[in-house]
Amino acid sequence: MILLAGIWLGATAAAADDSALTVTEIAPGIFVHQGVHAEATPENLGGIANIGFIIGDDSIAVIDTGGSLREGKALLAAIRQISPLPVRYVINTHFHPDHIFGNGAFAASHPEVIAHANLPRSLAARAGDYLASARSAMGQSFLGTEIPNPKRLVGKTDDIDLGHRRLHLTAFPPAHTDADLTVYDEKTGTIFAGDLLFMERIPSIDGSVLGWLKAIDKLRRVKAQRVVPGHGPVSAPWPAALDDEERYLFVIATETRKALANGESLRQATATVGQSERPNWQLFDAYNERNVTAAYTELEWEE
Amino acid sequence: MRLSRTACIGQALSFLLLLVILAVAAPRTAAADEASDDPWPDLQTAIFADRQIADGSSFMHLEAPARAADAAVVPLEIKFDPAQMPGLTVKTITLVIDKNPAPVAAVFHLAAVMPDPSIGTRIRVNEYTNIHAVAEMTDGKLYMAKVFVKAAGGCSAPAVKTPAEAVAHLGEMKLKLPPDATAGQARRAQLMIRHPNFSGMQMDQVTRYYIPAKFIEAIDITYDGKPLMSVEGNISLSENPFIEFSLKPDQAGEMSVTARDSDGAVFKKAWPVPASS
């Protein structure tokens, strides 16, 4: 089935009760809930990332589960308003708390929990901090949330079948994190990029700035119709959606290299690098200096 | 004070024990009780015993961002103004991050040939804290300066973003020297050592075991075989320990660095330092 870009008019499923997330059908059988551009709070339940699900003939795959058990349950409630099919797969695009902490909501249907092969190790090292800071940010709203434990690990690629609907999973070398996994729906040409794609909200570098630029090159070769970014609109045109993020990362890498060549210290570099990008991103001041620190401590080892 | 190679938590516990002993041994005044959340008085006693420490702020100060972007990589400079300290030469600098689980981040032992005792490094900061630098002069007197830094979580944060890379490059070193130094002029050298400097505070949530501490504990820097500086390091130094220091070679020679980690692994590298033009 071929869908012409722009023909599909997404239908928004009305939230019948307030415990179900609002989701938008961005392509036939693909629903996405849009995260807000903020830090986690008791009110938003940690719902700051885009999360969604894909419905096949036999089963459903959830792609990222949100920032708390409660957000995961609200996502499940949204699914149940649309389809009675079982959730057989929970796919985690990486290990950041706003994407994974809703996993527990789906435990009852015993899904296969899927992640990048590096995820268990990297999450284990960070989980204590993640739990502590999410508890302090969300309080009661975070109660019951547990650390996910994915058993189906993807080293390079993997495929799952939802019933006449095949999803292709691709694991990336270190980029946004060292455990980035994308999901491609063959039926509609839709790619879930996870946080390999930030739109509107400033990208955060928790892996490798150079690796991320390489990942964008690789992503551009994917023949997709549209993308679901980890943060930003629920759906965006492909591959133009990558442009802003690629420009930001390129500016950070280029200006950091220049600062290093000029003998600027880490402190000097964090004050100057990337400032031209300030008007282009939400939460710029919360993340830019940290991104420059990450880029500087990576690039200073270049010859 | 040389901190042992036991895990960060162990150090924290024994340090708490020490505080308890101190509290029992030395009854505190009412004024001290009011400031009892300030660990410095007890730290000072634990590290320097009853030695007097004078205010050094007329010739030494600490520079750090007031609010750190990344608590695991906080740039810090201990700066001296030699013009304001006639006749004084720095022998040792002890860097103390008051509220870190392992408060003594590093001890720098400087050879007399160092033209400028100013040191730059990068540290982990576990919570909002004062940072003290205490300089011991060649006449045996102690002076100090301090700065307050807002940052949190740096000790337990897994700074290692790409663990596979960290293992592949363990112990590699890089030395940066400004290319345009002129003869007899002091220049700033930057030494970088690839090492995850595991703090021992990162818990594996599945096994509930702490990832063992593994960190650079000694760095010896020589020029043409003569000691320039030695550093006692700890888990409060960031991943990939970074040290900036001054160098004023009279002639072309070789800088040599030997680093040892808490597992006993030894890393060595030497660089030719060209004659200045």
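One can find the structure itself at the top, above this paragraph.
Residues numbered from 1 in each chain as written. Chains lettered and ligands numbered in written order. Predicted model: local features only at pLDDT ≥ 70, side-chain atom pairs only at ≥ 80, totals over all residues. Heavy atoms only, no water.

Let's talk about the overall build of chain B
Here is step 1: A tally of helices and strands in chain B yields four helices and 15 strands.
Here is step 2: Across the 277 residues that make up chain B, the buried fraction comes to 51%.
Here is step 3: Expressed as a percentage of contacts within chain B between residues at least 6 apart in sequence, the contacts between residues at least 24 apart total 68%.
Here is step 4: On chain B, roughly 12,400 Å² of surface is accessible, and the fraction owed to carbon and sulfur atoms is 56%. (Helix = DSSP H or I, 4+ residues; strand = E, 2+ residues; numbered from the N terminus. Buried < 20%, exposed > 50% of the residue type's maximum accessible area, 1.4 Å probe, protein only. Contact = heavy atoms within 4.5 Å. Areas by Shrake-Rupley, 256 points an atom, 1.4 Å probe, with all protein chains shown as cover.)

Structural notes on the overall build of chain A
Here is step 1: Per the secondary structure count, chain A includes seven helices and 14 strands.
Here is step 2: Counting across all 303 residues of chain A, residues that qualify as buried make up 57%.
Here is step 3: Put simply, 66% of the contacts in chain A that link residues at least 6 apart link residues at least 24 apart.

Details of the pairing of strand β8 (residues 142-149) of chain B
Residue and element names in this part refer to chain B.
Here is step 1: As defined by bridge partners, strand β1 (residues 53-55) adjoins β8 across three bridges and the pair is classed as parallel. Bridged to Ala 54 within β8 is Tyr 143.
Here is step 2: Pairing of strand β7 (residues 129-137) with β8, which is carried by eight bridges, proceeds in the antiparallel orientation. Considered in β8, the bridge of Asn 130 is made with Phe 148.
Here is step 3: If you look at the hairpin formed by β7 and β8, you'll find four residues sitting between the two strands, and Gly 140 has a positive phi there, around 90°. (Pairing = 2+ DSSP bridges.)

Section: helix α5 (residues 243-261) of chain A
Here is step 1: When the terminal C-alpha atoms of α5 of chain A are compared, their 27 Å separation across 19 residues agrees well with the 27 Å that a helix rising 1.5 Å per residue should span.
Here is step 2: By the burial criterion, the buried members of α5 of chain A are Glu 245, Tyr 248, Leu 249, Val 251, Ile 252, Ala 253, Thr 256, Ala 259 and Leu 260 of chain A.
Here is step 3: Of the surrounding secondary structure, the elements contacted by the buried residues of α5 of chain A are β12 (190-198), α4 (209-220), α6 (266-272) and α7 (284-299) of chain A together with β9 (173-176) of chain B.
Here is step 4: Phi turns positive one or two residues past the end of α5 of chain A, at Gly 263 of chain A, with a value near 75°. (Expected span 1.5 Å × (residues − 1).)

Quick look at the sheet that holds strand β14 (residues 236-237) of chain A
Residue and element names in this part refer to chain A.
Here is step 1: Strand order in this open sheet of six strands is β9-β10-β11-β12-β13-β14, and the pairing throughout is mixed. Each of the sheet's edge strands pairs with one partner strand only, and the pair in question is β9 (157-161) and β14.
Here is step 2: Note: strand β10 (residues 166-171) against strand β11 (residues 181-185), five bridges, orientation antiparallel. By the bridge assignment for β11, Leu 169 is matched with Val 183.
Here is step 3: Here α4 sits on the sheet in contact with β10, β11 and β12, set at roughly 165° to β12. (Axes fitted to C-alpha atoms, helices over the stretch in contact; angles between N-to-C directions.)

Remarks on the pattern of salt bridges
All names here are of chain A.
Here is step 1: All told, the structure shown has 23 salt bridges over all chains when counted by the stated rule.
Here is step 2: Across the salt bridge formed by Asp 206 and Arg 126, the nearest N and O atoms sit 3.8 Å from each other. Within this pair, whereas Asp 206 is found in the loop between β12 and α4, its partner Arg 126 is found in helix α3 (residues 119-138), the two being separated by 80 residues in sequence. Each member of the pair, Asp 206 as well as Arg 126, is classed as buried.
Here is step 3: Between Arg 257 and Glu 302 there is a salt bridge, with its nearest N and O atoms 2.6 Å apart. (Salt bridge = Lys/Arg side-chain N within 4 Å of Asp/Glu carboxyl O.)

Regarding the environment of Arg 135 of chain A
Here is step 1: Position of Arg 135 of chain A relative to the elements: it lies in helix α3.
Here is step 2: Sequence separation between Arg 135 of chain A and Pro 42 of chain A is 93 residues, and the spatial gap between their C-alpha atoms is 9.4 Å.

Quick notes on the sheet that holds β1 of chain B
Residue and element names in this part refer to chain B.
Here is step 1: Strand order in this open sheet of nine strands is β1-β8-β7-β4-β5-β12-β11-β14-β15, and the pairing throughout is mixed. In this open sheet, the two strands that pair with only one neighbour each are β1 and β15 (266-273). Between one strand axis and the next, the sheet turns by 20° as a mean value, whatever way the strands run.

Some words on the packing of α5 of chain A against α7 of chain A
Residue and element names in this part refer to chain A.
Here is step 1: Direction vectors running N to C along α5 and α7 enclose 55°, while the axes themselves pass 9 Å from each other. Between α5 and α7, the interaxial angle falls into the category oblique. Judged by the twist between their axes, the crossing of α5 over α7 is right-handed. Contact residues: Tyr 248, Ile 252, Ala 253, Thr 256, Arg 257 and Leu 260 in α5; Phe 284, Asn 288, Asn 291, Val 292, Ala 295, Tyr 296 and Leu 299 in α7.
Here is step 2: When its residues are assigned to classes, the contact of α5 with α7 shows nine nonpolar, three polar and one charged. (Parallel < 35°, antiparallel > 145°, perpendicular 65-115°, else oblique. Left-handed = near helix turned anticlockwise from the far one by under 90°. Nonpolar A, V, L, I, M, F, W, Y, C, P; charged D, E, K, R; others polar.)

Some remarks on α4 of chain A
Residue and element names in this part refer to chain A.
Here is step 1: Compared with an ideal rise of 1.5 Å per residue, which puts 12 residues at 16 Å, α4 spans 17 Å between its outermost C-alpha atoms and is within 8% of the ideal.
Here is step 2: Buried within α4 we find Val 209, Gly 211, Trp 212, Leu 213, Ala 215, Ile 216 and Leu 219.
Here is step 3: The backbone nitrogen of Leu 210 has a side-chain oxygen 3.4 Å away, supplied by the residue at the start of α4, namely Ser 208. (Polar contact = N/O pair within 3.5 Å; in protein donor to acceptor, adjacent residues only side chain to side chain.)

Some details on the side chain of Thr 270 of chain A
Residue and element names in this part refer to chain A.
Here is step 1: Structurally, the position occupied by Thr 270 is in helix α6.
Here is step 2: On the accessibility criterion, Thr 270 (10% relative accessible area) is buried.
Here is step 3: A polar atom in the side chain of Thr 270 sits 2.9 Å from the backbone oxygen of Arg 267.
Here is step 4: Here Thr 270 is in contact with Gln 275, Glu 289, Val 292 and Thr 293, once residues within four sequence places are set aside.

Remarks on the interface of chain B and chain A
Here is step 1: Contacts between chain B and chain A engage 30 residues on the former and 26 residues on the latter.
Here is step 2: Together chain B and chain A conceal approximately 2,300 Å² of surface at their shared face, both sides included; 57% is due to carbon and sulfur atoms.
Here is step 3: Where chain B meets chain A, there are two salt bridges.
Here is step 4: Taking the shortest distance from any N to any O, the salt bridge between Arg 122 of chain B and Glu 300 of chain A comes out at 2.7 Å.
Here is step 5: At the level of elements, α4 (163-168), β9 and β10 (187-193) of chain B are the ones that each hand at least two residues to the side of chain B that touches chain A.
Here is step 6: Broken down by element, the residue count for the side of chain B that touches chain A peaks at three residues, all from β9 of chain B.
Here is step 7: Here the side of chain B that touches chain A is composed, by residue class, of 15 nonpolar, six polar and nine charged. (Buried area = accessible area lost by both parts, 1.4 Å probe.)

Some words on unusual backbone geometry
Residue and element names in this part refer to chain A.
Here is step 1: Residue Pro 239 is bonded to the preceding Trp 238 through a cis peptide linkage, with omega at 0°.
Here is step 2: With respect to the helices and strands, the residue Pro 239 is situated in the loop between β14 and α5.
Here is step 3: Positive phi values are uncommon outside glycine, yet His 164 reaches one of about 55°.
Here is step 4: Relative to the helices and strands, His 164 is located in the loop between β9 and β10.

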